[in-house]
Amino acid sequence: MSALAATTATTAPQASGRLRVNLATVFTVLIALGIGYVGVSYLFAPESTASGFGMPVWPRGEAADFLTVKGIRDVVSGLVPLALLLTGHRRALGWALLAESVTPFGDGTTILLHHGSTAMALGVHYTTAVFVVATAVLLLTERTGKGD
């Protein structure tokens, strides 16, 4: 095997691995910032933000204070992946994202069970859940470079 062929053979998998790591990192940041933004929106404009969730009816007046709980949940759902990413715990990040994917799956299912917007359930919540799962899979299948 020529030196050029040997170099190309070892560089291609490394470049592919770097691409996967970079994609997983960018996707994680998008997920974290996206859900964090949604959470902040619920904290500062709960009733107007809730109308875009997909449910047919939302609480109004003092009952709408419950939407603050959703806002806090969503902010935390954005902070957890960022903390794990920033500390370099990529495998734990993959597992955390896999666990966090239950939230958008549950949200979409709740919308459908309560006769809300099918378009929002499928187009936003389930699509988000699949994206989060795909990102988790990228993270969980990364090569560590420690003998794999």
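Predicted model, so just to flag it, every value in this text is computed and none were measured.

## Thoughts on helix H6 (residues 118-140)
At 3.6 residues per turn, the α-helix brings residues three or four places apart onto the same side.
Here is step 1 of the chain: Along its 23 residues, H6 runs 31 Å from first to last C-alpha, staying within 8% of the 33 Å computed at 1.5 Å per residue.
Here is step 2 of the chain: At Tyr-126, H6 shows its maximal kink, close to 30°.
Here is step 3 of the chain: Taken together, the buried positions of H6 are occupied by Ala-121, His-125, Tyr-126, Ala-129, Val-132, Thr-135, Ala-136, Leu-138, Leu-139 and Leu-140.

## Here's the deal with unusual backbone geometry
Here is step 1 of the chain: A positive phi angle, close to 60°, is found at His-115, a residue other than glycine.
Here is step 2 of the chain: Structurally, His-115 can be placed in the loop between helix H5 (102-113) and H6.

## Quick look at the packing of aromatic side chains
Here is step 1 of the chain: Taken as a whole and assessed by the stated rule, the structure comprises three aromatic pairs.
Here is step 2 of the chain: Judged by centre distance (5.0 Å) and plane angle (55°), the ring pair of Phe-27 and Phe-131 falls under tilted. Placement of the pair is Phe-27 in helix H1 (residues 3-44) and Phe-131 in helix H6, with a sequence separation of 104 residues.

## A few points about the packing of helix H3 (residues 67-86) against helix H4 (residues 90-100)
Here is step 1 of the chain: Following both chains from N to C, one finds H3 and H4 inclined at 165°, their axes separated by 8 Å at the closest point. Judged on the interaxial angle alone, H4 and H3 are roughly antiparallel. Note on packing geometry: the crossing formed by H3 with H4 is left-handed. Across the interface between the two elements, Ser-77, Val-80, Pro-81, Leu-84 and Leu-85 from H3 touch Arg-90, Ala-92, Leu-93, Ala-96, Leu-97 and Glu-100 from H4.
Here is step 2 of the chain: Among the residues forming the contact of H3 with H4, the class breakdown is eight nonpolar, one polar and two charged.

## Some details on the pattern of salt bridges
Here is step 1 of the chain: The full count for this structure, using the stated rule, is five salt bridges.
Here is step 2 of the chain: Of the charged contacts in the structure, one is a salt bridge between Arg-73 and Asp-74, with a shortest N-O distance of 3.2 Å.
Here is step 3 of the chain: What makes Asp-74 buried here is its relative accessible area of 1%.
Here is step 4 of the chain: Asp-107 is paired through a salt bridge with Arg-73; the nearest N and O atoms lie 3.2 Å apart. Here Asp-107, found in helix H5, pairs with Arg-73, found in helix H3; they are 34 residues apart in sequence, far enough to count as distant.
Here is step 5 of the chain: Overall, the relative accessible area of 13% leaves Asp-107 in the buried class.

Rules behind the numbers
- Residues numbered from 1 in each chain as written.
- Predicted model: local features only at pLDDT ≥ 70, side-chain atom pairs only at ≥ 80, totals over all residues.
- Heavy atoms only, no water.
- Helix = DSSP H or I, 4+ residues; strand = E, 2+ residues; numbered from the N terminus.
- Expected span 1.5 Å × (residues − 1).
- Bend = angle between axes of the 7 residues up to and from the residue.
- Buried < 20%, exposed > 50% of the residue type's maximum accessible area, 1.4 Å probe, protein only.
- Phe/Tyr/Trp six-rings, centres within 6.5 Å; stacked < 30°, edge-to-face > 60°.
- Axes fitted to C-alpha atoms, helices over the stretch in contact; angles between N-to-C directions.
- Parallel < 35°, antiparallel > 145°, perpendicular 65-115°, else oblique.
- Left-handed = near helix turned anticlockwise from the far one by under 90°.
- Contact = heavy atoms within 4.5 Å.
- Nonpolar A, V, L, I, M, F, W, Y, C, P; charged D, E, K, R; others polar.
- Salt bridge = Lys/Arg side-chain N within 4 Å of Asp/Glu carboxyl O.

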